[in-house]
Amino acid sequence: MSTATARAYPNIALVKYWGKRDEQQMLPAAGSMSMTLDAFPTTTTVRLLDEPAAGSSSSDHGDVFVLNGDPDTGSAARRTSLFLDHVRDLAGSDRPARVDSHNEAPTGAGLASSAAGFAALALAASRAYGLDLDPRELSRLARRGSGSATRSIMPGYALWHAGTDDATSFAEPVLPDGARMPELRLVIVTVDGRPKAVSSREAMRLTAATSPFYDAWIDATAQALDEMVAACAREDVEAIGRITESHALRMHAVIASTTPPVRYLAPASIAVFDEAAALRRRGMVAWATADAGPNVCVLTTPADAEQVAAAVAGHGQVRIVGPGPGATVVDPTEQTQQEDA
Ligand code: 2P0
């Protein structure tokens, strides 16, 4: 096969990844755990070319990258080509490729996600280059593009083992087959949809290099992950929520402790954390978390989701999401129909 299309969804970490032990192999300093969402997918087609694309240069290795219909020659294109180099190494191929990627996250939703992007690219590129990878191998491949993409290969709730080398750093379902997770929802509150000033990758480097609290953060993450897996296994929603919120605040604390300091949370973000606490006092399930930006997700149950969404609606645009599918190959005719629509 020389053309393949795949779709993947963003994920929100309940135990966060923030720091690498090996940047070249993209090994994290600690494990993490997330919910793959049922919204905002990225759909990507990889088509192998017989010769370098017209207009391509040595820096893009003859590849061409088209994002939402517009050719891209910037850093996203370079990152895509570097990722394809890794796939070409695995496949023993030197053919360039055209990559067409469509991201359904609305502009300004604050969910522009390298996780969905590299998970979809890993699956589509591996198939186009003739590799037949199992989910664990796919998650290892996606990791090379972006750490959080490791988890978006998996449906529902994914655990990314930190591992000690390429073979042992992969994602799998948090619970074994047949075990039940409690029903959870996330209320995404977009308080500010603008791109962030400092990229995750850059801020992670800065945290490891300059925070006096970095080692404690990594130790605390490993502990939070153990507690989270145990809480999931006993379907303890309160514990899942408590760990989620306190772990998120610890991440923002270690990020704020860098030199120079980085602060992602805005006053409106803090207001959503306060709102979650107020909802809990009224007996609802509501625990806040935030990634490397000002937008906040409130973890809740299906029963409380509408009330939580109504309570936080004054702080930004809201959207209720739940656990979604892992990365899947898409029938190319379905993709054509979508593009025609
Ligand atoms: C996470 N984040 O666990 C954490 C929480 C943001 C905050 O993973 O350098 O885009 O490509 O591995 O995966 C965002 O960082 O960084 C991220 P790279 P990535 O979801």
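As a starting point, this report considers the structure included with it. This structure is a prediction, so every number in the text was calculated from the model and none was measured.

Re the packing of helix 8 (residues 267-281) against helix 9 (residues 305-312)
Stage number 1. Interaxial distance between helix 8 and helix 9 falls to 10 Å at its minimum, and their mutual angle equals 135 degrees. In terms of axis orientation, helix 8 runs oblique to helix 9. Pair helix 8 / helix 9 crosses with right-handed handedness. Taken together, the residues of helix 9 that come into contact with helix 8 (itself represented by Val272, Glu275 and Leu279) are Val308, Ala311 and Val312.
Stage number 2. Its residues placed into classes, the contact of helix 8 with helix 9 shows five nonpolar, no polar and one charged.

Things to note about the pairing of strand 12 (residues 185-190)
Stage number 1. Within strand 12, five of the six residues are buried, which leaves it mostly tucked inside the rest of the structure.
Stage number 2. Pairing between strand 12 and strand 14 (residues 296-300): five bridges, direction antiparallel. If you follow Leu186 over to strand 14, its bridge partner there is Leu299.
Stage number 3. With five bridges joining them, strand 12 and strand 15 (residues 317-321) adopt antiparallel strand pairing. Bridge assignment links Thr190 to a residue of strand 15, and that residue is Gln317.

Considerations on the packing of aromatic side chains
Stage number 1. The full count for this structure, using the stated rule, is three aromatic pairs.
Stage number 2. Aromatic side chains Tyr17 and Trp160 sit 4.8 Å apart centroid to centroid with 65 degrees between the ring planes, which places their arrangement in the edge-to-face category. Of this pair, Tyr17 sits in the loop between strand 2 (11-15) and strand 3 (20-22) while Trp160 is found in strand 10 (residues 157-160), placing the two residues 143 residues apart along the sequence. Per residue, the accessibility class of Tyr17 equals that of Trp160, and both read buried.

Description of the sheet that holds strand 16 (residues 328-329)
Stage number 1. Read across the sheet, six strands follow the order 8-7-9-6-1-16 without closing on themselves; strand pairing throughout is mixed. Each of the sheet's edge strands pairs with one partner strand only, and the pair in question is strand 8 (70-72) and strand 16.
Stage number 2. Examined bridge by bridge, strand 7 (residues 64-67) and strand 8 share three bridges and lie antiparallel to one another. Counted as the bridge partner of Val66 is Pro71 from strand 8.
Stage number 3. Against the sheet, helix 1 (residues 75-91) engages strand 7, strand 8 and strand 9 (97-103), with an angle of about 125 degrees to strand 9.
Stage number 4. Most of the contacts of helix 2 (residues 114-128) go to strand 1 (residues 3-8), to which it runs at about 155 degrees, and overall it touches strand 1, strand 6 (42-48), strand 9 and strand 16.

Some words on helix 6 (residues 214-233)
Stage number 1. Compared with an ideal rise of 1.5 Å per residue, which puts 20 residues at 28 Å, helix 6 spans 29 Å between its outermost C-alpha atoms and is within 8% of the ideal.
Stage number 2. Next to the buried residues of helix 6 lie strand 2, strand 3, strand 5 (32-36), strand 10, helix 5 (200-210) and helix 7 (237-256).
Stage number 3. Directly after helix 6, the chain includes Glu235, whose backbone phi takes a positive value near 55 degrees.

What about the pattern of salt bridges?
Stage number 1. Scanning the model with the defined rule gives 16 salt bridges in all.
Stage number 2. With a closest N to O distance of 2.5 Å, Lys16 and Asp291 form a salt bridge. One end of the pair, Lys16, is in the loop between strand 2 and strand 3; the other, Asp291, is in the loop between strand 13 (287-290) and strand 14, and 275 residues separate them in sequence.
Stage number 3. For Lys16, a relative accessible area of 3% gives the class buried.
Stage number 4. By sharing partners, the salt bridges in this structure join Arg140, Arg143, Arg144 and Asp166 into a single network.

Thoughts on the sheet that holds strand 10
In sheet architecture, strand pairing relies on hydrogen bonds along the backbone and comes in two forms, parallel and antiparallel.
Stage number 1. Judged by pairing direction, the sheet is antiparallel, and its four strands sit side by side in the order 2-5-10-11 without closing on themselves. Two strands lie at the open edges of the sheet, namely strand 2 and strand 11 (171-173), each paired on one side alone. With strand direction ignored, the average angle separating the axes of adjacent strands in the sheet is 35 degrees.
Stage number 2. Two elements, strand 2 and strand 5, share four bridges in a ladder whose sense is antiparallel.

Describing the state of the cysteines
Stage number 1. Taken as a whole, this structure holds zero disulfides when the rule is applied.
Stage number 2. Its sulfur unpaired, Cys232 is 16 Å from the next cysteine sulfur, which belongs to Cys297.
Stage number 3. Classification of Cys297 as buried rests on a relative accessible area of 7%.

About the cut-offs
Residues numbered from 1 in each chain as written. Predicted model: local features only at pLDDT ≥ 70, side-chain atom pairs only at ≥ 80, totals over all residues. Heavy atoms only, no water. Axes fitted to C-alpha atoms, helices over the stretch in contact; angles between N-to-C directions. Helix = DSSP H or I, 4+ residues; strand = E, 2+ residues; numbered from the N terminus. Parallel < 35°, antiparallel > 145°, perpendicular 65-115°, else oblique. Left-handed = near helix turned anticlockwise from the far one by under 90°. Contact = heavy atoms within 4.5 Å. Nonpolar A, V, L, I, M, F, W, Y, C, P; charged D, E, K, R; others polar. Buried < 20%, exposed > 50% of the residue type's maximum accessible area, 1.4 Å probe, protein only. Pairing = 2+ DSSP bridges. Phe/Tyr/Trp six-rings, centres within 6.5 Å; stacked < 30°, edge-to-face > 60°. Expected span 1.5 Å × (residues − 1). Salt bridge = Lys/Arg side-chain N within 4 Å of Asp/Glu carboxyl O. Disulfide = S-S within 2.5 Å.

By themselves these figures say nothing about function.
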